[in-house]
Amino acid sequence: IIDFSDIQTQMFTAADRYVSYGFVPAQIEIDLDNNMPRIRFLDSVGCYPIVDRFGKVHGMYQRIKKSLAELMAAYPEYAHLLYDKDSTNTMLEIIRYHDKDQDILFVPQRNNLVIDRAPNPIGEVMIRIIQRPSLDSESRGQFDDVLAIQVAKARYALLSLEAATKAVQAPLVAPRDV
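(A) Seen up close, the overall build of the chain. Helix and strand counts for the chain stand at 4 helices and 8 strands. The C-alpha radius of gyration computed for the chain amounts to 26 Å, which surpasses the reference 16 Å derived for 178 residues by more than 25%, pointing to a less compact arrangement than a globule. For the chain, the spread of C-alpha atoms along the principal axes amounts to about 100 × 45 × 30 Å. For the chain, restricting intrachain contacts to residue pairs at least 6 apart in sequence, the fraction spanning at least 24 positions comes to 51%. Entry remark: accessible area of the chain is about 12800 Å², with carbon and sulfur atoms responsible for 57%. Between the mean site of the 20 positive side-chain charges and the mean site of the 24 negative ones, the chain shows a separation of 6 Å.

Below, the structure written as structure tokens:
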């Protein structure tokens, strides 16, 4: 399965997302042509897993941006509903929802238009989350760890600059005998 899914190539970006965002979602897909499961790592940005207190995934929302032209080409039967002559926005947001019962693709910007729905033949959530360890079970990436330190450094620099400005622009007070 590891060679078939090309895990070695996917691990470079998955490791980067693991460190940067604090978690990586992986999806197990059914490949009917080869009669084998295929593992695919998803982009952490825009993925919102539904996880219980024991760490079991019950579903996941994934936010994807696609151009209007791509969507109309992929789903020509919905092209007349996707196209909006008044809208200048050529990028549309698609939400993909996956759970043990179904997969749904819908477009929130078009009154939650469902463009694809498929039952889940396995009857099990095919998403796993690889999460970075933390003290409070919250996903935190490398950026989150240094954010407070960078904010404190920036605040200190601003205070130093303000103190220097006040020192330079302070009125001179001299005794009368000078």
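(B) Quick peek at the sheet that holds strand 8 (residues 127-131). Taken in spatial order, the 3 strands of this open sheet run 2-1-8, and their pairing is antiparallel. Every other strand in the sheet has two partners, leaving strand 2 (36-41) and strand 8 as the edge strands with one partner each. Pairs of neighbouring strands in the sheet enclose a mean axial angle of 25°, with direction left out of account. Relative to strand 8, strand 1 (residues 23-31) is paired through 5 bridges, and the arrangement is antiparallel. Residue pairing in the sheet places Ala-26 in a bridge with Arg-128 of strand 8.

(C) Quick peek at unusual backbone geometry. Positioned with a positive phi, Asn-35 is a non-glycine residue whose angle comes to about 55°. Residue position: Asn-35 is located in the loop between strand 1 and strand 2. Residue Asn-35 is classed as exposed on the basis of its relative accessible area, which comes to 70%. Look at Asn-112: it is not a glycine, yet its phi comes out positive at around 55°. Its place among the elements puts Asn-112 in the loop between strand 6 (102-107) and strand 7 (113-119).

(D) Spotlight on the environment of Leu-82. The residue Leu-82 is located in helix 3 (residues 79-82) in this model. With residues up to four places along the chain from it excluded, the contact list for Leu-82 reads Leu-68, Leu-71, Met-72, Tyr-75, Leu-92, Val-107, Arg-110 and Leu-113.

Thresholds applied
Residues numbered from 1 in each chain as written. Predicted model: local features only at pLDDT ≥ 70, side-chain atom pairs only at ≥ 80, totals over all residues. Heavy atoms only, no water. Helix = DSSP H or I, 4+ residues; strand = E, 2+ residues; numbered from the N terminus. Rg over C-alpha atoms; globule rule 2.2 N^0.38 Å. Contact = heavy atoms within 4.5 Å. Areas by Shrake-Rupley, 256 points an atom, 1.4 Å probe, with all protein chains shown as cover. Lys, Arg positive; Asp, Glu negative; His and termini not counted. Charge placed at Lys NZ, Arg CZ, Asp CG, Glu CD. Pairing = 2+ DSSP bridges. Axes fitted to C-alpha atoms, helices over the stretch in contact; angles between N-to-C directions. Buried < 20%, exposed > 50% of the residue type's maximum accessible area, 1.4 Å probe, protein only.

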